[in-house]
Every structure is written in C-alpha cells, then in structure tokens.
Amino acid sequence: MKLSKLRDNAIERLNRYVSLSWRNSLFFGSHKGAERGAMFYSLVCSCRLNGVNFFEYISDVINKAAALPTNTPLEKYRMLLPDKWKENR
C-alpha cells in the first residue's frame, strides 16, 4: 500500500473521531465552551497521532503545569504538548 494511502486512512480515522463528537458538541452550552471542547478534541487527536496514552498524558501534564510558577515562559508549556512530552518521557 502506498504511503499516501496510509496517511489518508489515518487522517480519515481521525476525522471520523471528530465527526462522531459533533452530536455531543451541541451541548457545550456556550461559544466559549465549544472553543474549549475543540481544543480538547484537538489534544486527544494529537495524542492518538503520537501514540500517547491520553489518560497518562493528561494526568502528568496537569501535575506538571500546576507545579510551574505563574511567570513561566510559554516555551515551557510548549514542552508539554504530546509530541514533546513523548520525547521527554
């Protein structure tokens, strides 16, 4: 199977996950809630693409983010994204 076909199949599987969540998106309650939900779905899909267990990831990131001081540079938070988190783990 060609590499482009494999990539297309992976993207279609992720799009299916997002499209299944549309029905649930009706119940976010507000525009801000929908924005937060979209960020959450994006994070989950990013974890899937990088082969990261989402529950391990989110519990570790919440603990690390809570321990960071308030004036932490943005680059430290970028290191908590799934692709960087997996490299540092």
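Look above for the structure.
Source: prediction; values computed, not measured. (Residues numbered from 1 in each chain as written. Predicted model: local features only at pLDDT ≥ 70, side-chain atom pairs only at ≥ 80, totals over all residues. Heavy atoms only, no water.)

A. Spotlight on the overall build of the chain. Within the chain, the secondary structure is distributed over five helices and zero strands. Put simply, the chain runs from its N terminus to its C terminus through helices and strands in the order α-α-α-α-α. Here the chain holds 89 residues, and the buried ones make up 20% of them. Considering only contacts within the chain whose residues lie at least 6 apart along the sequence, 50% involve residues at least 24 apart. Carbon and sulfur atoms form 59% of the exposed surface of the chain, whose accessible area is close to 7,200 Å². (Helix = DSSP H or I, 4+ residues; strand = E, 2+ residues; numbered from the N terminus. Buried < 20%, exposed > 50% of the residue type's maximum accessible area, 1.4 Å probe, protein only. Contact = heavy atoms within 4.5 Å. Areas by Shrake-Rupley, 256 points an atom, 1.4 Å probe, with all protein chains shown as cover.)

B. Focus on the nonpolar core. Counting residues in each nonpolar core, the largest one holds eight residues, listed as Val44, Cys47, Val52, Phe54, Tyr57, Val61, Leu80 and Trp85. Those elements that place two or more of their residues in this core are α2 (31–49) and α3 (54–67). Filtering out sequence-adjacent residues up to four positions away, Leu80 remains in contact with Tyr57, Val61, Lys64, Ala65, Leu68 and Trp85. (Core = buried A, V, L, I, M, F, W, Y, C linked by side-chain atoms within 4.5 Å.)

C. Molecular detail of the environment of Met79. Its location among the elements puts Met79 in the loop between α4 (74–78) and α5 (82–88). Along the primary structure Met79 and Val61 are separated by 18 residues, whereas in three dimensions their C-alpha atoms are 9.9 Å apart. In this view, Met79 contacts Lys84, Trp85 and Asn88; residues no more than four positions away in its chain are not counted.

D. Just the packing of α2 against α3, in detail. In contact at an axis separation of 10 Å, α2 and α3 are set at 120° when each is read in the N-to-C sense. By the angle between their directions, the pair α2 and α3 is classed as oblique. By crossing handedness, the relation of α2 to α3 is classed as right-handed. Facing Phe40, Leu43, Val44 and Cys47 of α2, the residues of α3 in contact are Phe54, Tyr57 and Ile58. The residue inventory of the contact of α2 with α3, partitioned by class, reads seven nonpolar, no polar and no charged. (Axes fitted to C-alpha atoms, helices over the stretch in contact; angles between N-to-C directions. Parallel < 35°, antiparallel > 145°, perpendicular 65-115°, else oblique. Left-handed = near helix turned anticlockwise from the far one by under 90°. Nonpolar A, V, L, I, M, F, W, Y, C, P; charged D, E, K, R; others polar.)

Note that every value here comes from positions in space, so none of it alone points to a role or purpose.
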